[in-house]
Amino acid sequence: MRLAVITSILVAIGVVGIVIYDRLPPQHSPFAAIDPQRPIGLATARQLGRLENRPDSCRAALERAGMLVAPIADRRDGEFCGLTGAVAVQRSAILWSDPPLQLSCPMAAALAVWEKQVVAPAAQRHLGSRVSRIEHFGSYSCRRIGGGRSGRPSEHATGNAIDVGGFRLADGRRVTVRGDWGGDTAAAAFLHDVHDGSCRLFSAVLGPEYNAAHADHLHLDMGPSTICH
Ligand SMILES: [Zn+2]
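Let us look at the structure shown here.

The rules we used
- Residues numbered from 1 in each chain as written.
- Predicted model: local features only at pLDDT ≥ 70, side-chain atom pairs only at ≥ 80, totals over all residues.
- Heavy atoms only, no water.
- Helix = DSSP H or I, 4+ residues; strand = E, 2+ residues; numbered from the N terminus.
- Polar contact = N/O pair within 3.5 Å; in protein donor to acceptor, adjacent residues only side chain to side chain.
- Contact = heavy atoms within 4.5 Å.
- Patch = residues over 30% accessible without salt bridge, like charges linked within 9 Å, V, L, I, M, F, W, Y side chains within 5 Å.
- Areas by Shrake-Rupley, 256 points an atom, 1.4 Å probe, with all protein chains shown as cover.
- Salt bridge = Lys/Arg side-chain N within 4 Å of Asp/Glu carboxyl O.
- Buried < 20%, exposed > 50% of the residue type's maximum accessible area, 1.4 Å probe, protein only.
- Pairing = 2+ DSSP bridges.
- Donors = N, O, S within 2.8 Å, 3.2 Å for Na, K, Ca; no water.
- Phe/Tyr/Trp six-rings, centres within 6.5 Å; stacked < 30°, edge-to-face > 60°.

1. What to know about the side chain of serine 139
Step number 1: Mapping serine 139 onto the fold places it in the loop between β7 (131-138) and β8 (161-169).
Step number 2: Engagement of the side chain of serine 139 in a polar contact is seen with the backbone nitrogen of glutamine 102, the distance being 3.0 Å.
Step number 3: Setting aside residues up to four positions removed in sequence, serine 139 forms contacts with Pro100, Leu101, Gln102, Leu103, His156, Ala161 and Ile162.

Shown next, in the form of structure tokens:
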């Protein structure tokens with residue numbers, strides 16, 4: 001008798017679980033594929049993380065985002081630098097400054113979500129404008145953290161990172177991390193919102209409050225370390 005009651009309760013919990021799971025929007029479901037058109041959900045970062053070592057799923061994600069890329073042939077540059085399965089971004093939702101971005105595929109996919117779900121809404125909210133161009137200080141770059149001769153290789157050394165310096169708005173204004181991070185302005189609120197939103201997608205986000213080396217940019221990467229500072 002008792003066993004029958006317990007079994008019925010477990011079955012009921014299972015059925016309710018399946019119904020809830022089935023109705024879960026894909027951005028909250030860890031097993032769904034990343035959809036860059038959807039707002040960031042509970043599972044978005046995990047879905048992006050899963051793209052590592054899954055080149056086909058990653059390319060499909062870029063396609064869904066409408067990001068146009070050209071594959072870069074795998075290459076090694078010295079002892080710790082190189083690109084594997086990387087892409088050159090030719091066109092995405094927002095224009096980027098030169099030189100063209102060279103990124104690992106998961107990093108490109110994270111940026112595609114970031115443009116649509118972090119940057120664009122934050123610009124509308126705080127500045128009432130569209131972002132017409134994102135200014136960057138580099139993506140793939142063969143160097144160590146801090147740029148010295150010793151120490152850990154930077155995530156830039158495998159195309160897994162980007163440094164964002166500022167934003168050009170459609171109405172002509174320009175917002176830079178160096179000039180607008182501090183203070184009580186709409187531009188500062190926009191930058192802080194972009195910083196915080198980035199932490200929902202990238203594994204590492206470093207800005208002006210991390211150290212002096214980041215006074216003029218936000219470093220975003222999809223490396224193994226998790227930090228939001
Ligand atoms: Zn960086």
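2. Focus: a nonpolar patch on the surface
Step number 1: Residues Met1, Val5, Ile6, Ile9, Leu10 and Ile13 make up a contiguous nonpolar surface patch of roughly 650 Å² in combined accessible area.
Step number 2: Topologically, leucine 10 is positioned in helix α1 (residues 2-23).
Step number 3: Exposure remark for leucine 10: the relative accessible area of 55% places this residue in the exposed category.

3. A closer look at the sheet that holds strand β1 (residues 68-71)
Step number 1: What the three strands build is an open sheet, ordered β1-β4-β6; its pairing is antiparallel. Both edges of this open sheet fall to β1 and β6 (102-103), since each of them pairs with a single strand only.
Step number 2: Sheet topology places strand β4 (residues 87-91) next to β6; two bridges connect them, and they run antiparallel. Counted as the bridge partner of alanine 88 is glutamine 102 from β6.

4. Re the coordination of the zinc ion
Step number 1: For the zinc ion, the protein coordination sphere consists of His156 (NE2), Asp163 (OD) and His219 (ND1), at 2.0 Å.
Step number 2: Of note, the donors binding the zinc ion are all from one chain and are spaced H-x6-D-x55-H. In this pair, aspartate 163 is assigned in strand β8 and histidine 219 in strand β11 (residues 218-221), connecting sequence segments 56 residues apart.
Step number 3: The exposure class of aspartate 163 is buried, given its relative accessible area of 5%.

5. Some details on the packing of aromatic side chains
Step number 1: Within the structure shown, the criterion is met by four aromatic pairs.
Step number 2: Each ring, one from tryptophan 114 and one from phenylalanine 167, has its centre 6.3 Å from the other, and the planes form 40°; the classification is tilted. Of this pair, tryptophan 114 sits in helix α4 (residues 105-127) while phenylalanine 167 is found in strand β8, placing the two residues 53 residues apart along the sequence.
Step number 3: For phenylalanine 167, a relative accessible area of 0% translates into the label buried.

6. Considering the pattern of salt bridges
Step number 1: Scanning the entire structure with this criterion turns up nine salt bridges.
Step number 2: Residue aspartate 35 is joined to arginine 38 by a salt bridge in which the shortest nitrogen-to-oxygen separation is 3.9 Å.
Step number 3: The closest approach of N and O atoms between aspartate 171 and arginine 173, which form a salt bridge, is 2.8 Å.
Step number 4: For arginine 173, a relative accessible area of 38% gives the class partly exposed.

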